[in-house]
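Fold and contact review
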Amino acid sequence: MTVRTYDWATLSHDALSGLDLSGAVAVLPLGATEQHGAHLPLSTDTDLAEGLFDAALERLTAEVTVLRLPAIAIGASAEHADRAGTLSVPAETLAQTLRSIGAGVAAAGVRRLVLLNAHGGNLAAMDIAALDLRQAHGMFVVKLHYPRLQIGPVDLPAAELAQGIHGGAVETAMMLHLHPGRVDRAAFPAVDAPAPGITASPGRVAPNGEAPWAWLAGDLDASGIAGDPRLADAALGERLVTGYGAAIADVLTEIASMDWPTDG
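Given the structure is predicted, the values throughout are model-derived calculations rather than measurements.

Rules used throughout
Residues numbered from 1 in each chain as written. Predicted model: local features only at pLDDT ≥ 70, side-chain atom pairs only at ≥ 80, totals over all residues. Heavy atoms only, no water. Helix = DSSP H or I, 4+ residues; strand = E, 2+ residues; numbered from the N terminus. Rg over C-alpha atoms; globule rule 2.2 N^0.38 Å. Contact = heavy atoms within 4.5 Å. Areas by Shrake-Rupley, 256 points an atom, 1.4 Å probe, with all protein chains shown as cover. Salt bridge = Lys/Arg side-chain N within 4 Å of Asp/Glu carboxyl O. Buried < 20%, exposed > 50% of the residue type's maximum accessible area, 1.4 Å probe, protein only. Core = buried A, V, L, I, M, F, W, Y, C linked by side-chain atoms within 4.5 Å. Polar contact = N/O pair within 3.5 Å; in protein donor to acceptor, adjacent residues only side chain to side chain. Axes fitted to C-alpha atoms, helices over the stretch in contact; angles between N-to-C directions. Left-handed = near helix turned anticlockwise from the far one by under 90°. Nonpolar A, V, L, I, M, F, W, Y, C, P; charged D, E, K, R; others polar. Phe/Tyr/Trp six-rings, centres within 6.5 Å; stacked < 30°, edge-to-face > 60°.

Here we come to the overall build of the protein. Across its full length, the protein carries eight helices and five strands. Going residue by residue from the N terminus, the α and β elements of the protein occur as β-α-β-α-β-α-β-α-β-α-α-α-α. Computed over C-alpha atoms, the radius of gyration of the protein comes to 19 Å, within 12% of the 18 Å expected from 2.2 N^0.38 for 264 residues, which places it in the range of a compact globule. Taking the principal axes of the C-alpha coordinates as reference, the protein spans close to 60 × 35 × 35 Å. For the protein, restricting intrachain contacts to residue pairs at least 6 apart in sequence, the fraction spanning at least 24 positions comes to 81%. Of the roughly 12100 Å² of accessible surface on the protein, 55% is carried by carbon and sulfur atoms.

What follows is the structure, given as structure tokens:
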């Protein structure tokens, strides 16, 4: 089996045109530049999208050709726009950007596109753009938001897994594994402080629940985070990155092996 990985931006026109792109999968990492509390950098979501993609590439074993597109580092972050450092574009602008990038991918002869996302605020734009690309270019567009992947048991409290959706243990642990120098442990919540943005028993109506509601960062907690970074360590981060990386590799393999859409 052969895994062929190409960095789209470093290829020449002739080199890209000379590749056998039948069955190739283009992957577009989607992140954000936004506040993640005092302990994580503005680049967190982009760091995670790219880090999980790297982990997936290391675990690919099937015959697949992967084209790595330049990551989008500024997403739709209206929920964090009132926090200094956040850079955001409207969801409509992001959707149009995804349409335009997808059109270029299609023009090069690639029919399979994965939107590998690490920021929840990008989801609406992804949904719109993916369907438009299917209709306009006959593309097969997969919307891969990594928190939706099932990776087996995670050694964290149920409340943290359900409600720690921004700057909590999961994101902090993975950053401690991928980029430990970018995490400020001294800025974690005080030892005896309650976990930011976590209630004892959320009902169906919750920010990330069965009936989610539109929220701004300050609605969850004054700190701008939701979750408990004190539960994170690098060992947990390594297990999470490994688990998500393997799951993403499975997705890429499955996409490459599908008969639909018909290439050509």
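Picking up where we left off.
Once that is clear, we can look at the pattern of salt bridges. Enumeration according to the criterion identifies eight salt bridges in this entry. Residue Arg182 pairs with Asp47 through a salt bridge whose shortest N-O separation is 2.9 Å. Of this pair, Arg182 sits in the loop between α6 (169–178) and α7 (217–220) while Asp47 sits in helix α2 (residues 44–59); the two residues are 135 residues apart in sequence, bridging distant segments of the chain. The salt bridge involving Arg68 is made with Asp54; its shortest N-O contact spans 2.7 Å. With Arg68 in strand β3 (residues 64–68) and Asp54 in helix α2, this residue pair connects regions lying 14 residues apart in the sequence. By relative accessible area, Arg68 is classed as buried at 16%.

Our next topic: the nonpolar core. Val25, Val27, Val114, Tyr146, Met174, Ile248 and Leu252 are the most contacted members of the largest nonpolar core, which totals 41 residues. Sorting the residues of this core by element identifies β2 (25–30), α2, β3, β4 (112–117), β5 (140–145), α6 and α8 (234–257) as the ones contributing at least two each. Looking at which element gives the most residues to this core, the answer is α8, with ten residues. For Tyr146, the contacting residues outside a window of four places in its chain are Leu48, Leu52, Asn117, Ala118, Glu171, Met174 and Tyr244. The next biggest cluster of nonpolar side chains, apart from the first, holds 27 residues, and it includes Leu16, Ala24, Leu69 and Ala95.

Mapped onto the elements, Thr172 comes out in helix α6. A polar side-chain atom of Thr172 sits 2.7 Å from the main-chain carbonyl oxygen of Gly168. Once residues within four sequence positions are removed from consideration, Thr172 is found in contact with His39, Leu40, Gly167, Val183, Phe188, Pro229 and Ala232.

Axis separation between helix α3 (residues 91–107) and helix α4 (residues 123–137) bottoms out at 8 Å; the angle between their running directions is 35°. The hand of the α3/α4 crossing is right-handed. From α3, Ala91, Leu94, Ala95, Leu98, Arg99, Gly102, Ala103 and Ala106 reach across to α4, where they touch Ala125, Met126, Ile128, Ala129, Asp132, Leu133 and His137. Tallied by class, residues from the contact of α3 with α4 come to eleven nonpolar, two polar and two charged.

Attention now goes to the packing of aromatic side chains. Across all of its chains, the model carries one aromatic pair by this definition. Ring geometry for Tyr146 versus Tyr244: centroids 5.0 Å apart, planes at 75°, classification edge-to-face. In this pair, Tyr146 sits in the loop between β5 and α5 (158–163) while Tyr244 sits in helix α8, placing the two residues 98 residues apart along the sequence.

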